Amino acid sequence: MAELSGLQVFKYLPASKKAENSNCKKCGCPTCMAFALKLAKTQVEIDLCPYAPEELKEIFSQNIKKAQKEILLGSTHKTKVGGEEVLFRHDKTFLTPTALCIAINTDCSDFENKLEQVLNFEITRINETFKIDVIYLKGSKITPKLIEKIEACGISTITEIPQEMKEVKEETFAQTVETLTLTRRTAIETKAEEFSNPTYVYFKHQENLYDLCAKASYYLCKYANMIIFEDFCKEILCSLLTLRQNIFTDPQKPLQIEPKVYEFNNPDENAIIFLTTNFALTYFAVANELEAIDRGSYLIVTPSEGMSVLTAWSAEKITAKIAAKAVEDSGLYNKVKVKKIFIPGLLADMKDELQAAIPNFEICIGTTEAYLMSDFVKQLDF
Ligand code: SF4
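Residues numbered from 1 in each chain as written. Predicted model: local features only at pLDDT ≥ 70, side-chain atom pairs only at ≥ 80, totals over all residues. Heavy atoms only, no water.

## A closer look at the side chain of Gln68
Under the convention used in this document: Helix and strand assignments follow DSSP, with helices taken as H or I runs no shorter than four residues and strands as E runs no shorter than two, numbered in order from the N terminus. Between N or O atoms, a polar contact is any pair within 3.5 Å; within protein, one atom must be a potential hydrogen donor and the other a potential acceptor, and residues adjacent in sequence are included only when both atoms are from side chains. Note on contacts: a residue pair qualifies if any of its non-hydrogen atoms lie within 4.5 Å across the two residues.
Tracing the backbone shows Gln68 in the loop between helix H3 (54-63) and strand S1 (70-73). Polar side-chain contacts of Gln68 include one of 3.2 Å to the backbone nitrogen of Glu84. Of note is the side chain of Gln68, whose polar atom sits 2.9 Å from the side chain of Asn225. Here Gln68 is in contact with Gly82, Gly83, Glu84, Arg184, Ser196, Asn197, Pro198 and Asn225, once residues within four sequence places are set aside.

## With respect to the site of the ligand
In plain terms, the rule: If even one non-hydrogen atom of a residue comes within 4 Å of a molecule or strand, that residue is called near it. Ten residue types, Ala, Val, Leu, Ile, Met, Phe, Trp, Tyr, Cys and Pro, are classed as nonpolar, four, Asp, Glu, Lys and Arg, as charged, and the remainder, Gly among them, as polar.
Inspection of the region around the ligand gives Pro14, Asn21, Asn23, Cys24, Lys25, Lys26, Cys27, Cys32, Phe35, Cys49, Pro50 and Tyr51 as its neighbouring residues. When grouped by side-chain class, the residues that make up the shell around the ligand number eight nonpolar, two polar and two charged.

## Comments concerning the nonpolar core
Put simply, the test is: Throughout, nonpolar core names a set of buried Ala, Val, Leu, Ile, Met, Phe, Trp, Tyr and Cys residues whose side chains join them through atoms within 4.5 Å. Here's how the labels work: a residue is buried when its accessible area is under 20% of the maximum for its type, exposed when over 50%, partly exposed in between, all with a 1.4 Å probe on protein chains only.
Ile135, Ile227 and Phe229 are the most contacted members of the largest nonpolar core, which totals 44 residues. What Ile227 contacts, discounting residues up to four positions off in sequence, is Thr98, Ala99, Leu100, Cys101, Val201, Phe203, Ala216, Tyr219 and Leu220. Within the second largest apolar cluster, 24 residues are counted, among which are Ile273, Tyr298, Val327 and Ile341.

## Overview of the environment of Asn63
Mapped onto the secondary structure, Asn63 falls in helix H3. Assessed through its relative accessible area of 13%, Asn63 is described here as buried. Asn63 sits 127 residues away from Thr190 along the chain, and the two C-alpha atoms are 9.9 Å apart.

## Remarks on the state of the cysteines
Convention followed: When two cysteine sulfur atoms lie within 2.5 Å, the pair is treated as a disulfide.
Applying the stated criterion across every chain, the model contains zero disulfides. In this model Cys108 remains outside any disulfide bridge; the closest cysteine sulfur is found in Cys101, 15 Å from its own.

## Examining the packing of helix H7 (residues 209-221) against helix H8 (residues 234-247)
Working note: a packed helix pair is described by the angle between its axes plus the distance between those axes. Counted only if it meets this: To define axes, lines are fitted to C-alpha atoms, for helices over the stretch in contact only, and angles between the resulting N-to-C directions are given on a 0 to 180 degree scale. Oblique is the label for any angle not under 35 degrees, not over 145, and not in the 65 to 115 range, which are roughly parallel, roughly antiparallel and roughly perpendicular in turn. With the far helix as reference, a near helix turned anticlockwise by less than a right angle produces a left-handed crossing, and one turned clockwise produces a right-handed crossing.
Between H7 and H8, the least distance of the axes is 10 Å, while the angle of their chain directions is 20°. One element, H7, and the other, H8, form an angle in the roughly parallel class. For the element pair H7 and H8, the recorded crossing hand is right-handed. When H7 is examined against H8, the residues Leu209, Leu212, Cys213, Ala216, Ser217, Leu220 and Cys221 are found in contact with a partner set consisting of Ile236, Ser239, Leu240, Leu243, Arg244 and Ile247.

## Things to note about the pairing of strand S15 (residues 362-365)
Convention followed: Strand pairing is assigned whenever DSSP identifies at least 2 bridges connecting the two strands. A right-handed crossover is one whose linking path, passing over the helix from the first strand to the second, runs clockwise when the strands point away from the viewer.
Summarising the sheet, strand S14 (residues 340-343) and S15 pair through four bridges and their orientation is parallel. Its bridge partner being in S15, Phe342 is matched across the sheet by Cys364. Considered for its hand, the β-α-β crossover made up of S14, helix H12 (residues 351-357) and S15 is right-handed.

## So, the sheet that holds strand S9 (residues 199-203)
A sheet is described by the order of its strands in space; here six strands give the open sequence S7-S6-S3-S10-S9-S8, paired in parallel fashion. The two strands at the open ends of the sheet, each matched to only one other strand, are strand S7 (156-158) and strand S8 (166-167). When S9 meets strand S10 (residues 226-229), the two strands line up parallel, connected through four bridges. Residue pairing for S10: Tyr202 is matched across the bridge by Ile228. Strand contacts of helix H4 (residues 111-120): strand S3 (99-105) and strand S6 (134-138), with the helix running at about 165° to S3, the strand carrying the most contacts.

## Section: helix H9 (residues 280-292)
The criterion, for reference: For a helix, the expected span equals 1.5 Å multiplied by the residue count minus one.
Here H9 contains 13 residues, and its C-alpha end-to-end distance of 18 Å stays within 8% of the 18 Å for a straight helix at 1.5 Å per residue. Considered for burial, the residues of H9 that qualify are Ala280, Thr282, Tyr283, Val286, Ala287, Glu289 and Leu290. Buried residues along H9 sit in contact with strand S11 (261-264), strand S12 (272-277), strand S13 (297-302), helix H10 (309-314) and helix H13 (373-378).

What follows is the structure, given as structure tokens:
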């Protein structure tokens, strides 16, 4: 059921009909309109108004119902699945990353080897480290000690798949996508109980790795809550975890990196100093270029709320004052012979002000795009 705006809520309240109890303040708000606006934002409970009609109460009881159940997997270490509220991430954000699960049979001859591979697997992307979320233990040699060992590594264990989860059978690719999509769509749009169970896809057979990776990627985006693999393939898992990190970030909060000084190619006193903002994509574009340049360099990354250079400049998240403070905190003055700092070409307008703020460095204009940095550096005369 669609959520109501403040104005739509107001139409149900006494003041909209000029009824007897209009603006009586019993709800703690000065007017019915004020109450309606708060109620629409779920900042107050509907029961505070003794005159709210049953029809409005029914709408709100539907709206607070969860579209998808939330299920916690594991005994001590918990992995959450489900609890999604929107069909498209830009409507709000996806809340619970698709859990990646490896099924391991304790009776198999290579059990120990496979377990160690899974436990030791981790990747770091944009300052976040990821591991497998869940191990599905099968076979006759499951012990409390084994479960304890796995969960101590930050991985949840299950010995059976919870009944509240719905398996979407891996049939043809199109059928699987259709079932996953219809299940999620119906759950979000109707909040019907029978569609509220989180879904999973179980890849039981070894298949072409490219096909497996492509299918799992699609199911991760639309709309499996958990994907189970019989085989451990770290290349596929690296791809899926990287994709998942992108899909399950809040689209209103840009990925950012820690503001500090980063070093490239063992910088010495002949190093070049660059400066940029802490938007992750900006950082990695610049970092890739600096790694490829045959010369040491420092990159001062400013605290700019994860905004790209031009956006940060427009929003005053990078100013001469912020940049000057980052330069001062960097402690680079005594580490380099040539006291020059190259700022992004897009910040050219800031040059004079920054120069006035840090007179002991010469502020120079760098390139407007990261890919131009290599040729730019070749032309420097120091
Ligand atoms: Fe309006 Fe109900 Fe609040 Fe009274 S209690 S002001 S009728 S919303």
